[in-house]
Amino acid sequence: MSQTEKSPPQPPRTPHRTEIPPDPRLSSGPGSRPKKDRAVRRDLSASAVVFLLAVPLSLGLALATGAPLQAGLVAAVVGGIVAGLLGGAPLQVSGAATGLLVVTADLVQRYGWRATCAITVLAGLVQLALGALRVARAALAISPAIVHGMLAGIGATIALGQLHVVLGGSPDSSALDNAAALPGQLAHPHAAALLIGALTVAVLLGWGRLPGRAGRWARVLPAPLAAVLAATAVGMGTEVARVELPSWRMPELPVLPDASLPALAAAVLTVTLVASMESLLSAVAVDRLAAERPDVPMGRAQLNRELAGQGVANTVSGLLGGLPISGGAMRGSANVRAGAATRRATVLHGVWVLLCAGLLATALELIPLAALAALVMVVGVRMVSFAHIRHVQRHREFPVYAATLSGVVLFGVLQGVATGIAVAVFLALRRLTHTRITVTEGEDGHRVRVSGQLTFLAVPRLTRALAQVPAHTDVVVELCGSFMDHAAYEALQSWSATHQAHGGRVTLGGSPGRPLAAQAGAHSCRPWTPWRNHHCTRPAPDRAAVPESSGSQLLGGVSAFQRHTAPLVREELSRLAREGQRPTQLFLTCADSRLVTSMITSSGPGDLFTVRNVGNLMPPPGSDISCDSVGAAIEYAVEVLRVGSITVCGHSGCGAMGALLGAAAPEDAEPTPLARWLRHGRPSLARMQRIGRLGRGEVALSGRPVSDDQERLALVNVMQQLDHLRAHPCVARRVAEGTLALHGMYFHVGEAQAYVLDEAAGRFCAVHGEPAPVTV
């Protein structure tokens, strides 16, 4: 059984304030113009950021494929303008396909550049047809382990090839040849090229980690551009190979390769498959990233339109002599984080690349090739994601991932994907048919345990095992699988009836632990009964050796856990004990006994790293040495466990908030530990008083007014503790990198209602009970 990861509550979009549809005639009124102007400014700023990222990346990809360097710029222009205008994911940025680098390099070497352009055109036409047939979402049905394995294999191949360029050599045609030639290349590197490559890698890795004010200013400039500028400046006086852009002229028409029809079909299919999968997965990722921002217009990506738009872009790019195009998660996420509001940012980025290629060609020719190779090498290394490896291992799909990665590296992209699919099918069949049946004898009778799916293929083994059970005995049959077909059911029921007819007794138990045929009066707790006025965990009066107390009830609850719950969770907890904890979220909440974190978040073992204290306070760094325990928990969760989100949760009727609002202690009184701790809540109290005094409006709840000052302070306290969290360097760095999200939450105990903070609107929005929409 694999543990399903739970995601923290996501801030909902800002609700509409009225149900009356807007009048189109008022769209150009004075109220809408400032909003439109803000969107235009944000799009201009985002387009500049993505342009600065796209230029060095496009040149580096063209260099790595062996295509003319201007082909990368053509792909960036066409991807920005054509795919930006026609695609179904407005904030996705398309350009030269990273995932197709190995495929394109092989095509260029095998058939030549003009033939590669023809294959790009044909692949674009196939994408256009697939978009018209509306098969985009069906393409996403492929296992994520295969997709991530394919990208990791491509990344490993890219890194091996470009490492030779950084060392001053030239890459071979395959990953195996590059690996074999690497020791000789390392023994005789080109010193200047190696220095420039090392500098480029150092700036790429360290640019986002600069501390203080320098770090804030540095994040305005994308790391790839900063690395290329630094490498160009250092390499000005050295003799190294540099970018050579040919003079712009009308592109030559593509020509079909001199290859057999099966070989041509395989090449077109490979380009179509990789470009489509990369684009669709990137569109979904960018869509999810944009959905976390309340200022982005609502609307999910139209994947069929996106696939058709990518097809048109690839057709145009091939005709104009550009590289194959796909949407890129790197460019798209940079676009969203830079504040893009509409597809205008994507289109403008293509316009800026076009102007740069025409007006700044001389400046581009100063860039050392080793810098571009180092840039692409780092991109390839980052395609091998250890987070993806942990995910697929947790879901028992690592063999699929490893097979796909190895196949891509050894044989090629299409062959690697086919290998991954074959392994995935084999594992699925094995899980379906692999059934383990054991028979054990104990003091209370025999026990037959069936692990795995119980299908007709396992019926012979099942009947042989049941035949070992003597007549006139008590038997418990445990079915630990999630599926039992009709043949197995008939065999089991027939044996059960025969055994009972001969004086035996049979109890059938299902995988959730609920007996299929249990004794009358057997106790079975529902998920909510153990804490709702529950008495079954208390010892019976005639058995209790001591008067009933909270301690005896606790021991009774532990005993009930050992009887009913431990057998069900032992396998999962054993896995967690072997692998160690890997929570995805940190949950900071109050120590109040009424706040049951696992209940309100529907989480289980290994999901949450929980920190609880009086008042769900997060002291800012350096405030008090006695608060190191909370700071240490934050640092451990962020730096060691690498959680992806932190949620601060307040609640109604919080005693700490009531104490903060109460009368102050006498000045000459010795402060108690509780009083010293509550000093960290005074900024929240001051913030609430400041908001009211300055007339900035109060923090609000959706659907009802704030009931009293205690609830208002609890809401303000959540916002204040989020600010304290951002003051911790480790949290601030991860948030700036885009790898950590902060959320605020409020739980009303009396209403059993959770609210999630929309920081942009200063409003806590109610979480409703309907299932959340699933984005594919």
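Structure's up top.
(A) Up close: the packing of helix 2 (residues 69–86) against helix 14 (residues 344–359). Orientation of helix 2 relative to helix 14, taken along the N-to-C sense of each, is 150°, at an axis distance of 7 Å. In terms of axis orientation, helix 2 runs roughly antiparallel to helix 14. Crossing angle aside, the handedness with which helix 2 passes helix 14 is left-handed. The residues of helix 14 that touch helix 2, namely those facing L73, A76, V77, G80, I81, G84 and L85, are T346, V347, H349, G350, V351, V353, L354 and A357.

(B) Fine view of the sheet that holds strand 11 (residues 741–748). The seven strands are arranged 8-7-9-11-12-13-10 in an open sheet whose pairing can be described as mixed. The two strands at the open ends of the sheet, each matched to only one other strand, are strand 8 (608–613) and strand 10 (700–701). Pairing of strand 7 (residues 585–590) with strand 9 (residues 645–651), which is carried by five bridges, proceeds in the parallel orientation. Bridged to T589 within strand 9 is C649. Sitting on the sheet, helix 24 (residues 628–640) touches strand 7, strand 8 and strand 9, and the angle it makes with strand 8 is about 170°.

(C) Molecular detail of the nonpolar core. Core analysis: the biggest nonpolar cluster contains 79 residues, and L59, I154, L323 and L364 have the highest contact counts within it. Sorting elements by how many residues they give to this core places helix 2 first, with ten residues. With sequence-adjacent residues up to four places away left out, L59 is seen in contact with L69, L73, L245, L364, I367 and L372.

(D) Structural view of the side chain of T589. Within the secondary structure, T589 sits in strand 7. Here C649 takes part through its backbone oxygen, which lies 3.1 Å from a polar atom of the side chain of T589. Those residues in contact with T589 that sit more than four places away from it in its chain are L595, T597, V611, R612, N613, N616 and C649.

(E) Fine view of the pattern of salt bridges. Per the counting criterion, the structure on display carries 16 salt bridges. A salt bridge links E711 to R704; its shortest N-O distance comes to 2.7 Å. Under the relative-accessibility criterion, E711 is labelled buried at 4%.

(F) Local environment of the pairing of strand 9. Strand 9 sits mainly inside the fold: seven of its seven residues count as buried. Here strand 9 shows two buried faces, one formed by S645, T647, C649 and H651 and the other by I646, V648 and G650.

(G) Representation of unusual backbone geometry. Non-glycine residue S602 carries a positive phi angle of around 50°. Positionally, S602 belongs in the loop between helix 23 (597–600) and strand 8. For S602, a relative accessible area of 52% gives the class exposed. A positive phi angle is found at N616, which is not glycine, with a value near 40°. Considering the arrangement of structural elements, one finds N616 in the loop between strand 8 and helix 24.

(H) View of a nonpolar patch on the surface. Residues I421, V425, L429, L432 and F483 make up a contiguous nonpolar surface patch of roughly 430 Å² in combined accessible area. Among the secondary structure elements, F483 is positioned in the loop between strand 5 (474–479) and helix 21 (486–501). Judged by its relative accessible area of 42%, F483 is partly exposed.

(I) Representation of the packing of aromatic side chains within the structure. Using the criterion set out here, one finds four aromatic pairs in the structure. Here the aromatic rings of F398 and Y401 are separated by 6.1 Å at their centres, their planes lie at 25°, and the arrangement is stacked. With F398 and Y401 both in helix 18 (residues 398–410) and three residues apart, the pair spans about one turn of that helix. Between Y746 and F764, the aromatic rings sit 6.5 Å apart at their centres with planes inclined by 70°, giving edge-to-face as the arrangement. Highlighted residues: Y746 in strand 11 and F764 in strand 13 (residues 763–766), separated in sequence by 18 residues. Counting every residue linked through ring pairs, the aromatic cluster contains Y746, Y755 and F764.

Cut-offs applied
Residues numbered from 1 in each chain as written. Predicted model: local features only at pLDDT ≥ 70, side-chain atom pairs only at ≥ 80, totals over all residues. Heavy atoms only, no water. Axes fitted to C-alpha atoms, helices over the stretch in contact; angles between N-to-C directions. Helix = DSSP H or I, 4+ residues; strand = E, 2+ residues; numbered from the N terminus. Parallel < 35°, antiparallel > 145°, perpendicular 65-115°, else oblique. Left-handed = near helix turned anticlockwise from the far one by under 90°. Contact = heavy atoms within 4.5 Å. Pairing = 2+ DSSP bridges. Core = buried A, V, L, I, M, F, W, Y, C linked by side-chain atoms within 4.5 Å. Buried < 20%, exposed > 50% of the residue type's maximum accessible area, 1.4 Å probe, protein only. Polar contact = N/O pair within 3.5 Å; in protein donor to acceptor, adjacent residues only side chain to side chain. Salt bridge = Lys/Arg side-chain N within 4 Å of Asp/Glu carboxyl O. Patch = residues over 30% accessible without salt bridge, like charges linked within 9 Å, V, L, I, M, F, W, Y side chains within 5 Å. Areas by Shrake-Rupley, 256 points an atom, 1.4 Å probe, with all protein chains shown as cover. Phe/Tyr/Trp six-rings, centres within 6.5 Å; stacked < 30°, edge-to-face > 60°.

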